[in-house]
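# Examination of the molecular architecture
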Amino acid sequence: MRKFFLCLLLSTVSWAQTPEARIEQIVQSYAVDHKFMGTVLIAKGDHTIFDKGFGYANLEWQIPNTPDTKFRLGSVTKQFTAASILLLEERGKLKTDDLVKKYVPDAPAAWDKITIFHLLTHTSGIPSFTGFPEYPEFEKKPATPEELVKRFKDKPLEFEPGSQFKYSNSGYLLLGYLIDKISGEKYPQFVQENIFVPLGMADSGYDRNATVIAHRASGYTPTPPNGEIQNTGYIDMTIPYSAGALYSTTRDLLKWERGLYGGKVLQAASLKKMTTPFKDNYGCGLFISTADGHKKIDHGGGIEGFNTEVAYYPDDQLAVIVLANLNGGAPNEIANKAATIEFGGKVELTSERKEITLKPEELGGLVGTYSLAPGVDLAVTLEGNQLWTQLTGQGKIQIYPESPTFFFLKVVDAQLEFAKDSSGKATQVTLHQNGQDVVAKKK
């Protein structure tokens, strides 16, 4: 299912004279509004064009974020796990079409048809352990990979292997478990020796709670109702393992991007397998899509206190890396906006949009329920002289008219564009968000 994100915004800025200056304004608008702390790096080819830190790596001591600050990556870890599996395949240690049972003899009968490729592409049907009701309790306690696998091994599959895409942290944890068994090395050691050291990524590694790691950022989380920033909750870093436990810096991740897409990590056939979508625009540890007319390969991450986004546009050799030590959607939004600017497009911030006044009868023609995706509706309601929208399972948000058919949201970086029939009634709405346009027909 396509995900629709509610992401936090923005403060007043003005148009810039150069792309880099405009990007600076965009990032500063998030930072000034206490929605982003972190680092941003943009590079094209061999040239780094933007490389700055914003806010604080540690709020208590007012220690600034810099390009040397180390951040937990969350699910950006998955591309390193996928590359590790493909390296083992190149060395003849496994095949991605091998059944998981070949390496896990005590696997349940439900796993009889699951291959390593299914794990890589989130098509195994194994439920994600981070969605279990008991997860908030067990994430605080250390566990071995074997113990983690036991927590989901006997759960029923959610669908026939290979038939659907559904994001599963369990699948990527199981891949790390396979790396341990097949390579004879623990996952952290394998990634260190086979990726980080060869690429000179000296500021990257597997995060451990007890280890003193120089320049590691503290993680923070905004809390309702007013977004007050607090220290994030605790997670034992043995829990995310190969699904989300690595840390890095923007500069090290640039080495990774250049190494991976420059042929220094994988052979051409393996890289093609990794970056070819199987289902729902997902390859092996990476999403593959088109944004602003440009091919995009990316993955984001989220873990307690941290959100990340690493995007690469191969036809343009453009890398956009945003790491944050404050939870929220800012890294994804900043990365998308920065790419749009680099491609010569314009980005209009919410603070730059001009609200107009419409008559109640004009607003009334837009009221209704619109289908965004199976099981996801967008309801538009009129209360007094104000129009509101609500996604399935989320709260109401007011929308503001910029024209009789174009509305914007102030607490979400998104816009709604309505299409009307001859009677003035809306027939569909297009959601513009994160560089994508999603059409929703009226029910």
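All values derive from a computational prediction rather than experimental measurement. (Residues numbered from 1 in each chain as written. Predicted model: local features only at pLDDT ≥ 70, side-chain atom pairs only at ≥ 80, totals over all residues. Heavy atoms only, no water.)

When helices and strands are counted, the chain shows twelve helices and 21 strands. For 443 residues, the compact-globule estimate of 2.2 N^0.38 gives 22 Å, and the C-alpha radius of gyration of the chain, at 22 Å, lies within 12% of that figure. Based on the C-alpha atoms only, the size of the chain along its principal axes is roughly 70 × 45 × 40 Å. The buried share of the chain, taken over its 443 residues, is 55%. Summed over its atoms, the accessible surface of the chain is roughly 18900 Å², and 52% of this surface lies on carbon and sulfur atoms. The centroid of the 47 positive side-chain charges in the chain is displaced by 3 Å from the centroid of its 51 negative side-chain charges. (Helix = DSSP H or I, 4+ residues; strand = E, 2+ residues; numbered from the N terminus. Rg over C-alpha atoms; globule rule 2.2 N^0.38 Å. Buried < 20%, exposed > 50% of the residue type's maximum accessible area, 1.4 Å probe, protein only. Areas by Shrake-Rupley, 256 points an atom, 1.4 Å probe, with all protein chains shown as cover. Lys, Arg positive; Asp, Glu negative; His and termini not counted. Charge placed at Lys NZ, Arg CZ, Asp CG, Glu CD.)

Pairing between strand β14 (residues 368-373) and strand β15 (residues 376-383): five bridges, direction antiparallel. In the strand pairing of β15, A373 is matched with V376. Taking the residues that link successive antiparallel strands as the turn, the β14-β15 hairpin has two residues, and the phi of G375 there is positive, at about 85 degrees. Two elements, β14 and strand β21 (residues 436-442), share two bridges in a ladder whose sense is antiparallel. The residue bridging S371 from the neighbouring strand is K441, located in β21. (Pairing = 2+ DSSP bridges.)

Turning to the sheet that holds strand β6 (residues 205-206), a few remarks are in order. Pairing in this open sheet of three strands is antiparallel, and the strands run β5-β9-β6 from one edge to the other. This sheet does not close on itself; its edge strands, each paired only once, are β5 (71-72) and β6. When β5 meets strand β9 (residues 246-248), the two strands line up antiparallel, connected through two bridges. Following the sheet pairing, R72 is matched in β9 by Y247.

Let's shift gears to the packing of helix α1 (residues 19-32) against helix α11 (residues 330-342). Each pair of packed helices gets described by two things: the angle between the helix axes and the distance between those axes. Relative orientation of the contacting elements α1 and α11 amounts to 165 degrees, with a least axis distance of 10 Å. When the interaxial angle is binned, α1 and α11 end up roughly antiparallel. The interaxial crossing formed by α1 with α11 has right-handed handedness. Here P19, E20, R22, I23, I26, V27 and Y30 of α1 lie close against α11, whose contacting residues are A330, E333, I334, K337, A338, I341 and E342. Partitioning the contact of α1 with α11 into residue classes produces nine nonpolar, no polar and five charged. (Axes fitted to C-alpha atoms, helices over the stretch in contact; angles between N-to-C directions. Parallel < 35°, antiparallel > 145°, perpendicular 65-115°, else oblique. Left-handed = near helix turned anticlockwise from the far one by under 90°. Contact = heavy atoms within 4.5 Å. Nonpolar A, V, L, I, M, F, W, Y, C, P; charged D, E, K, R; others polar.)

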